[in-house]
Structure formats: C-alpha cells, structure tokens
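Observations on the three-dimensional arrangement
Residue strings, one per chain:
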Amino acid sequence: MAVGAGRLAGATSRKLRLGGGTTFPGDVARAVDPQVLGKLTSSVRGGVVLVTGTNGKTTTAALLRTLAEGQGLSVGGNPSGSNLIYGLTAAALRLADVSGKVELDWLILEVDELSAPRAVAEIRPSGLVILNAFRDQLDRSFEIDQVAQRLQEAVLGLPPGAFWVGNADDPRVASFDSGSSPRGISKILFGLNDESVGHKLLPAVVDSRSCPRCRSELEFSLVYYAHCGLYRCPHCGLRRPNPDVGADSIRMIGLDAIEMEVVGPAGWRAAISVPLGGVVNAANVAAAMAAAAAMGVDQSRAATSLGRFRPSFGRSQLASWRGASFRLMLAKNPAGLEENLTAVLTLDKSPVLAIALNDGVADGRDISWIWDVDMERLGRAPDLRVVVSGTRARELALRLGYAGVSADRITVRPLPEDALSAVSDLAQTGVPVPCLLTYTAMLAWHNLLVRSGSGAPFFQAP
Amino acid sequence: MTGEEPLRLGHLYPKEMNLYGDRGNILAMVLRAQRRGIGLEVVPISMGADGADRAASCSGFFIGGGQDLDQDAVAEDLIQLKGEVLRQKVSLGAPLLAVCAGFQLLGTHYLTAAGTRIPGLGLLPLHTEASRQRLVGNLMITADPGLELQDPILIGFENHSGKTYLHEGLTPLGYVMHGQGNTGQSRQEGAWRDTVLGTYLHGPLLPKNPELCDWWLRLALGLECLPPIDDSLERSARLEAIAVAQRRDDFSRFRLLGRGLPTKRAR
Ligand SMILES: [Zn+2]
C-alpha cells in the first residue's frame, strides 16, 4: 500500500514538474506506513551501507557503488543527493518492485549527518562510513559539537555485527566510540599516509582544534585539509591512530586525476588512478576502498573499476558553452571552498576563476563563513581574474576586496547567465575555468549549461 | 598620524570565539584604519593570566561568537582574569564591541535551560535566558539616534537560542525592522552604553556597517571624526544584504524542501 502510494506520487510529481520527484514520493509512503524504509531495505541481499559526513558523501558513495559494480554486483543508491530521511525512502521506493522487494546485492546510500542516527535506527545497515565533521550551514541551528554528537549516536545505534569506517585524520571522527564490546562492531579507519600532500599550517579558522577527549588544544605536525592531519594532544596523549586502510604515493594530475596506492590491513595493495582532483578526494577513495573491503569486494579489481569512474553532478564536472569550457565544483561550506581554492591555486593553470554564492535555504542563508575562508591567497595571485556571481555576489566582492584582490580583477555578475558570459569572454580556449559554486548556484549553472546542450542532466530517470 | 605608535586592538579569545565570520570584523577595523594612514595592531588575548597584561596595553576591544562549550570555559577566564582590566579600560573610554555569545557575556548572568546561573562580566545591566526556540535569519534594525549614524540602518544575520533581556535604563542598540532581535518579542536589538556595545548582528557585522566600524575606531583613537574614505564596495554589499532581508520574511513555504527552519515571526 505504502509502496504503491509512493510510486504513484513520484510519477505524478514528475509529470506535474514539481521537481525531480526525489523526495515527494517518500513523504507520501511514510505517511501511509512510517516503517516503510526499514521494510524496503531489509530485502536487499548483501545489505545497506550508509555514507555520511559533511563533505564528500556523494562522491564517496558513487566510488563505493563503482567498486561493487566492478565485481559484478547489482547496486543501487540515491545518486541525486536527496539524503534526508524522505529522500532515502523515495530512493528505496524507486528501486523496489511492485511487491516491495529491492532485488539488489547492495544498497549504498548517502545520508545527511543530522539524519544519520534516524537512518541507522530505521535501516539497521551492515555498514556506516563517516568521512569528516566540518562546519556546514550553521543556520540549520546546529553547531559542530552537535553534529559530532549525532554521528556518534549513529555509530552506537549500529546493529550487532555491523562495521563502521571512520577517518583517522579527523580527530573527532577517529575518536568515536564503537560501544561496548559484545556488540561485535568492527571499526576500520582510513587515512592519508603521504606527507608530500600535506602542509604545516592549519587554516586561519578551523572548526575543531580542541581534543575530543579533554578539550585541550591539539598540536598538528601535518595538515592534509581543514582540521584533518597528524595531530596529538599534549595534555592527554590522544594521537592520530594509524589507519587500517591508507593512501600513499599520491600524485595529482592537475585537477583531472589522482594517482595513488591504497594499502589495506591484510597486506593488499592497489594502484589506483581516478578522474577526480584534490587531496580530499584521495581520502574519499581510501574511505570507499575500506568500506568495499569490509563488504567483501575483491581489491584486485579496484584499479580497473575506478578507472571507469565518472564524477557526480558538480564534482569537477566539465561542460562547455559558447566556445569556453567550465569545470563545475561544488563549494558549499568553509572546508569545501578552502579545499577547492587550494586545489585550484596549486594544480590549475586557468587565469580566470568564478565563484558563485547563493544564500537560499538549501545553501544556508548565513554566508558569514566566506569571511573565515583564506581568500587572501587570491589577493596574492596577481594575474588571476575572478568573476563573482550569485544572490550575494556583492558581499563576495567585498570579501575579495578585503582580501587584497584589486577592483580591476573582480567582475561582479549576480545573474548566472551574465556570469557565464563574463567567464567565457575572459576564458582561454581549451583551458577549463574552475567555477566554485554553492548548491543552488550549481543547480542554476548546471541547468543553463544543460539547456544550451552541454553536459548531462543530473536528475536521473527512474 | 603615521609614525606614531600603532593603535592596539585587543581581540578577546580569537580561537574560542570566532564562529560567525568574526575575522571579517577584525579585517574591517584594520583596513579602515590603514586606509586613513593609521596602523592598527591586533593583539590576541587568549585564556590565561598573561592576557590581562596584554589587555592593559590596548586602546579598544572586540569579542565574537562561540559555541556553547567554548563559551563556558571562556566566561570563567574572562571574569576571573580579564574582568578588572576591561572594566578599567572601558571606564577610561576604550571601546568594547561584542557580538553574539560575546554580547551575552557582557551581561550580569546567563540562565541555562537547567536553571543554572552562570555569571557574566556585568559591564551592561542585562541578562540572557536559554530557550528552546532558535532565532535565526537576516536581521535589520534602525540604530539608536544616540549613536549619531548618518545611515541608521544596521544589517546582519542572527542565530541564537538565548534570549536577552535589558534591565531598567539600558538602551538597546536599535529596534528590529526585519528579524527577531534580543528576544523575538521586544523588538529590541543589542544594547549599548557609553563605549560598550553588544549585538546579535553578525555576518560579519562591521564590513557591511562601516559607520559602526568608524564609531569603534573614533573611540579607540579618541577622535571626534575621521576622514571619509571610499565606501563603494561596502555600500553595494550593504544594499544587497538589505534587499535580501526585506525580500525574505516568510520561510514557511520552504519547509516542503525538508530544510525548513523553526522560525515563527513574533508579530
Ligand atoms: Zn586530550
């Protein structure tokens, strides 16, 4: 009954163009049967793995699906990124047959951090992947301590025999408690093991530099990204644990690819090349490999599988328009923008950069975080032109001005179509312009590019 | 004014209290001084006893917003180790600007949900009570005429669950035009007396409200007025923020998107 109602609602919603139909069917089905999510997902043969954390959920879930599919397994997910409880329900509905069975080997779902405890309680998954805990959209009224608390709740809510994969380099995540031992929960840590991709300084404003155990200030001997790196507490002795699955020999091929070796606990070692850019994505690959190993996926096929990987919507996706090419990169919070700026400034050769800042509800209406990002680096790149766009383009221009970017290097174009024109006027032929966009700005830019015939639509057909 | 000793700005608890883009407030002070040929040195005043000596060397102060856990530790350090020197400095005319959690710390006390009374600095007669409601959104106010701002609109963002009540005789910083303010009901926002000013406006506050930044600089320098500078970037960011605050009063229809906010307009 719930399944039928939900599927009908989905079809109707898409017909009426109420959106991609990604959550509305979930609302309807849950109203008919509040337990529908647990019932649907319990029929998945191998089990369900949830992927959560502030940044990298979509990419890591997609990597994990690619790894499992490479083994010949049938896998489903929520690639459209609807990751609240209604979105998960809608995704499960879409994958179910008329009798309410999900005939798949594995279901890999990305889950919003705050929804994670509820998703774990309803789904009782086989595994949970926690990538990181950064500051995100503070106007959702949650501070990072509360986010960490929710993630810890999710770990403690795992059913007996489940595994969880956590980030050794993120002090909070690495310190989560698996619960009392008889539950038989296995904890697998992933992390980066290549000091050449780290640096010595923490970003000016970091989300958590205090020890999760005693709240003293942590000391970092190396930082990979945000507050993730090699840390140690001078007071209680807490230190970054050795990861069970580590990435080393990391080499960045511009923003186009990462080459790395992933080394696992049973002595396995896989040389990977994946078409993604930036240090954080090396960590995402390690996380996906750790989860795949726990699911029993054979690591010897990983290199072949990941070589075929295609980035998700707006994660370093390439598109072209009026002879210029664009690299769309989602930058929705301080850690994301910081990391993307690092990647662009160190790995990219484009003389133009675009940044679009919207303050819609899905972006987070509070944009104060742009002031905490080290934009001063753009001030020190004297030849770089910056096109700023979005509903808060003028605040962004002010931020850049205060960061030392001279007025003649800043082009303010609040509307997406004007910004695209300005970018294509400034762009060099054949060099993609990195475009760092908040969530709804990404939708707007993406839709414009799709309408003009470049790039694939992002809402997946059922 | 060049060649003199640089002005010293005491930045209280820069690590613990830096939640809502407070770095932008510091940047605004430094740059607006610099553009008038005035050197401004930022002096971090952190936890511990040595902070009191550093504070004694400063001509003005700033304290920003923080997470609840940080705020408790900071409150004790602030009262025990810095309270005396701050009181003295302020009584001699040094400006103190406090935002969000910093604003709450200026009062007599904070009443937690469990009923515990956490003492504050007591620089302003006000107190804050924890509540279940979160007051979140764009906030636009008209500033108290006593501040003598040419453009009295102050614009920013608020995000607090504490409700702040001003005691008899204390002047609010201004009255709410859009948003919630101190309690969501009183229409009052912030508070100020002489050289001490507290507010829930962040986002950050000073880059978009340059006149308030100059208020702080004037007091810190002991000057009646400052030479005007080119404010065009500031002004357009300010107009953009004002337009956003005026346009988006009602968020209820966004609830369908699953990211709805528990904000009810008080009036
Ligand atoms: Zn410790």
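Below is a summary of the structure that appears in this document. Values in this document were obtained by computation on a predicted structure and should not be read as measured data.

Residue and element names in this part refer to chain A. Closest axis-to-axis distance for the helix α2 (residues 24–32)/helix α5 (residues 85–95) pair is 7 Å, and the angle between their directions is 90°. For the element pair α2 / α5, the angle class is roughly perpendicular. Residues Pro25, Gly26, Asp27, Ala29 and Arg30 of α2 touch α5, and the partners they reach there are Ile85, Tyr86, Thr89, Ala90 and Leu93. Here the residues of the contact of α2 with α5 sort into six nonpolar, two polar and two charged.

The biggest cluster of nonpolar side chains holds 69 residues, and the ones touching the most others in it are Met375, Leu378 and Leu436 of chain A together with Met29, Leu40 and Trp216 of chain B. Take this core: its biggest share by element is seven residues, from helix α1 (residues 22–34) of chain B. One finds Tyr224, Val245, Val274 and Ala288 of chain A within the second-largest nonpolar core, a separate group that totals 56 residues.

Along α5 of chain A, eight of the eleven residues are buried, which leaves the element largely enclosed by surrounding structure. For α5 of chain A, the set of buried residues is Ile85, Gly87, Leu88, Thr89, Ala90, Ala91, Ala92 and Leu93 of chain A.

With that settled, consider unusual backbone geometry. In this structure, Pro204 of chain B follows Gly203 of chain B across a cis peptide bond, with omega equal to -15°. Residue Arg215 of chain A is not a glycine yet carries a positive backbone phi of 65°. Within the fold, Arg215 of chain A resides in the loop between β6 (186–192) and β7 (219–225). The class for Arg215 of chain A is partly exposed, based on a relative accessible area of 34%. A positive phi angle is found at Arg322 of chain A, which is not glycine, with a value near 45°.

For the rest of this paragraph, the subject is the sheet that holds strand β2 (residues 75–77) of chain A. Residue and element names in this part refer to chain A. Strand order across the open sheet formed by nine strands is β2-β3-β1-β4-β5-β6-β9-β10-β11, with mixed pairing between neighbours. For this open sheet the edge positions go to β2 and β11 (269–274), each flanked by a neighbour on one side alone. When strand polarity is set aside, the average angle formed by the axes of neighbouring strands in this sheet is 20°. Across four bridges, the pairing between strand β1 (residues 47–52) and strand β4 (residues 127–130) is parallel.

All names here are of chain A. Along helix α6 (residues 116–123), the residues classified as buried are Ala116, Pro117, Ala119, Val120 and Ile123. All buried residues of α6 fall inside an arc of 165° around its axis, so they share one side. Here the buried face of α6 lies against α3 (36–41), β1, α5, β3 (106–110), β4 and α7 (144–156). Within two residues after α6, Arg124 carries a phi angle of roughly 50°, on the positive side.

The rules we used
- Residues numbered from 1 in each chain as written.
- Chains lettered and ligands numbered in written order.
- Predicted model: local features only at pLDDT ≥ 70, side-chain atom pairs only at ≥ 80, totals over all residues.
- Heavy atoms only, no water.
- Axes fitted to C-alpha atoms, helices over the stretch in contact; angles between N-to-C directions.
- Helix = DSSP H or I, 4+ residues; strand = E, 2+ residues; numbered from the N terminus.
- Parallel < 35°, antiparallel > 145°, perpendicular 65-115°, else oblique.
- Contact = heavy atoms within 4.5 Å.
- Nonpolar A, V, L, I, M, F, W, Y, C, P; charged D, E, K, R; others polar.
- Core = buried A, V, L, I, M, F, W, Y, C linked by side-chain atoms within 4.5 Å.
- Buried < 20%, exposed > 50% of the residue type's maximum accessible area, 1.4 Å probe, protein only.
- Pairing = 2+ DSSP bridges.
- Arc of directions from axis to C-beta.

Honestly, it's all geometry; don't read function into it.
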